[in-house]
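# Structure assessment
Below are the chains, spelled out letter by letter.
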Amino acid sequence: MSLLTNVMDHSLDDGYAEAAARKGTEGAGGMPRTARAKLVLAAGLVLAALVVTVGAVQARVAAPVVAKEREELIDRIDRETEAADSLESTVDKLRDDVSTRQQEALKKSGGGERADLVGILAGAVEVHGPGVKLVVDDAKEATSGDGGGPRETAGFSDTGRVRDRDMQRVVNGLWASGAEAVSINGQRLTALSAIRAAGEAILVDNKPLVPPYTVLAVGDGKNLSTRFQDSSDGLYLNALQENYGIRTAISVVDDVRLPAAPSVIVRTAQPRTEKDAS
């Protein structure tokens, strides 16, 4: 019982008791006791309050200016957008006018049907008819990387992503299989169109496209689909699906609608003379 009584009477160790007594002597909360320390603390508090106050005042003053600049920027964007839409509308009207005049001139010279065919093949007019729809998309596990691979081109590597080279083969395969008109994501292709890469983006006539890539082709739908899938380019696309997980789907469509190309450059050839050769 004497041991239990001793523990109860001296529950706090002597060292802890001494430290607690010393802390009580120095003052509660550890506040500075000297006048200099108190002045330093007060100066620090005043400085902190001053910084917070100045920051709040500046933010309050700058808020209307930022809001005004934002509104001006939005208004400018709206004006430029309206101007661009107006110019685009004007271009469409001029293109239609040029097309109409071309048709009239060719009809007068007896080439009306030929003009229609030339316009379709050149991509200068909107077309529709039976055809196929081919969707090409990156693999589900597609990643961006710098590793090398047998299909590496334009800085790309074998990461399950569709390349510009792949889309070139798809389009050329459709042309070779009998397609009369082709578009990618609504972008009409012509004899002067280019499919290239910029970084990891695929460009068609310098316009970036994003996957999935929807390729529409006008032609004899069923035969076009069969010929393409049996061609070397169709087998190439199938190999991409099996080896790299690139997703593809092709279907026959009763009515495919393709827009006209945004701009068609008319070029003429001139016979070469002996003077030019020299």
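Data block above holds the structure.
Procedures and definitions
Sequence order as written defines the numbering, with residues in each chain counted from 1. Only residues with pLDDT of 70 or above have their local features reported here, since the model is predicted, and side-chain atom pairs are shown and tallied only from 80 upward, although totals for entire chains, interfaces and linings are computed over all residues. Note that the side-chain values use all heavy atoms of the structure and ignore hydrogens as well as water. In this scheme, strands are said to pair when DSSP sees at least two bridges between them. The secondary structure listing takes helices from DSSP runs of H or I that are at least 4 residues long and strands from runs of E that are at least 2 residues long, numbered from the N terminus. With axes taken as lines fitted to C-alpha atoms, and helix axes fitted only over the stretch in contact, angles between N-to-C directions fall between 0 and 180 degrees. Think of a polar contact as two N or O atoms within 3.5 Å of one another; within protein, one of them needs to be a possible hydrogen donor and the other a possible acceptor, and neighboring residues in sequence only count if both atoms come from side chains. Here, residues are in contact when the closest pair of their heavy atoms is within 4.5 Å. Residues belong to one nonpolar core when they are buried, are Ala, Val, Leu, Ile, Met, Phe, Trp, Tyr or Cys, and are joined through side-chain atoms within 4.5 Å. Three exposure classes are used, based on accessible area relative to the maximum for each residue type with a 1.4 Å probe and protein chains only: buried under 20%, partly exposed in between, and exposed over 50%. Stacked, tilted and edge-to-face pairs are distinguished by plane angle, under 30 degrees for stacked and over 60 for edge-to-face with tilted covering the rest, among Phe, Tyr and Trp rings (Trp via its six-membered ring) whose centres lie within 6.5 Å. For a ring to carry a charge above it, either NZ of a lysine or CZ of an arginine must fall within 6 Å of the ring centroid while also lying within 35 degrees of the normal to the ring plane. We count a salt bridge whenever a side-chain nitrogen from Lys or Arg sits within 4 Å of a carboxyl oxygen from Asp or Glu.

The subject of this paragraph is the sheet that holds strand S6 (residues 207–209). The three strands are arranged S4-S5-S6 in an open sheet whose pairing can be described as antiparallel. Each edge of the sheet is formed by a strand with only one pairing partner; in this case those strands are strand S4 (195–198) and S6. If you compare each strand with its neighbour and ignore which way they point, the axes differ by 40 degrees on average. In this structure, strand S5 (residues 201–204) lies alongside S6, joined through three bridges in antiparallel fashion. When the bridges of S6 are listed, Ile-202 appears paired with Leu-209.

This brings us to the side chain of Asp-138. Within the fold, Asp-138 resides in the loop between strand S1 (127–137) and helix H5 (164–176). Within polar-contact distance, the side chain of Asp-138 engages the backbone nitrogen of Val-162 at 2.7 Å. Apart from residues no more than four positions distant in its own chain, Asp-138 is found in contact with Gly-160, Arg-161, Val-162, Pro-211, Ile-246 and Arg-247.

Once that is clear, we can look at the nonpolar core. By size, the foremost hydrophobic cluster in this structure holds 25 residues, and its most contacted members are Met-167, Leu-174, Ile-184 and Val-215. Taken together, the elements giving at least two residues each to this core come down to S1, H5, strand S2 (181–184), S5, strand S7 (213–218), helix H6 (221–230) and helix H7 (232–244). Element by element, the count of residues in this core is highest for H5, at four residues. Once you skip the residues sitting within four places of it in the chain, Met-167 turns out to touch Val-136, Val-162, Ile-184, Ile-195, Ile-202, Tyr-213 and Val-215. One finds Val-127, Ala-181, Val-256 and Leu-258 within the second-largest nonpolar core, a separate group that totals five residues.

Under the definition given, this model contains zero aromatic pairs. Between the NZ or CZ atom of Arg-169 and the centre of the ring of Tyr-236, over which it lies, the distance is 4.2 Å.

Glancing now at the pattern of salt bridges. Side-chain pairing between opposite charges can occur once the charged atoms of the two side chains come close. Within this structure, the stated rule accounts for three salt bridges. Note that Asp-137 is salt-bridged to Arg-247, the shortest N-O span being 3.2 Å. With Asp-137 in strand S1 and Arg-247 in strand S8 (residues 247–258), the pair connects residues that are 110 residues apart, well separated along the chain. Taking the relative accessible area as the measure of exposure, Arg-247 reaches 35% and is therefore partly exposed. Taking the shortest distance from any N to any O, the salt bridge between Asp-255 and Arg-257 comes out at 3.6 Å. The exposure class of Asp-255 is partly exposed, given its relative accessible area of 37%.

Moving on, we get to the sheet that holds S2. Taken in spatial order, the five strands line up as S3-S2-S7-S1-S8 in an open sheet, and their pairing is antiparallel. Sheet topology places strand S3 (187–188) and S8 at the edges, where each strand pairs with a single neighbour. Note that S2 and S3 share two bridges and pair antiparallel. In the strand pairing of S3, Ile-184 is matched with Gln-187.

Attention now moves to unusual backbone geometry. Look at the link from Pro-211 to Pro-212: it is a cis peptide, with omega at 0 degrees. Of note, Pro-212 is situated in the loop between S6 and S7. With a phi close to 50 degrees, Asn-185 is a non-glycine residue in the positive phi region. What makes Asn-185 partly exposed here is its relative accessible area of 30%. Phi angles above zero are rare outside glycine, and Asp-205 is one such case at about 55 degrees. Topologically, Asp-205 is positioned in the loop between S5 and S6.

Attention shifts here to the side chain of Ser-177. Looking at where Ser-177 falls in the secondary structure, it is placed in the loop between H5 and S2. Look at Ser-177 and you get buried, because its relative accessible area is 7%. Only 3.4 Å separates the side chain of Ser-177 from the backbone nitrogen of Phe-228, close enough to count as a polar contact. Residues contacting Ser-177, with those up to four places away along its chain left out, are Leu-224, Arg-227, Phe-228 and Ser-231.

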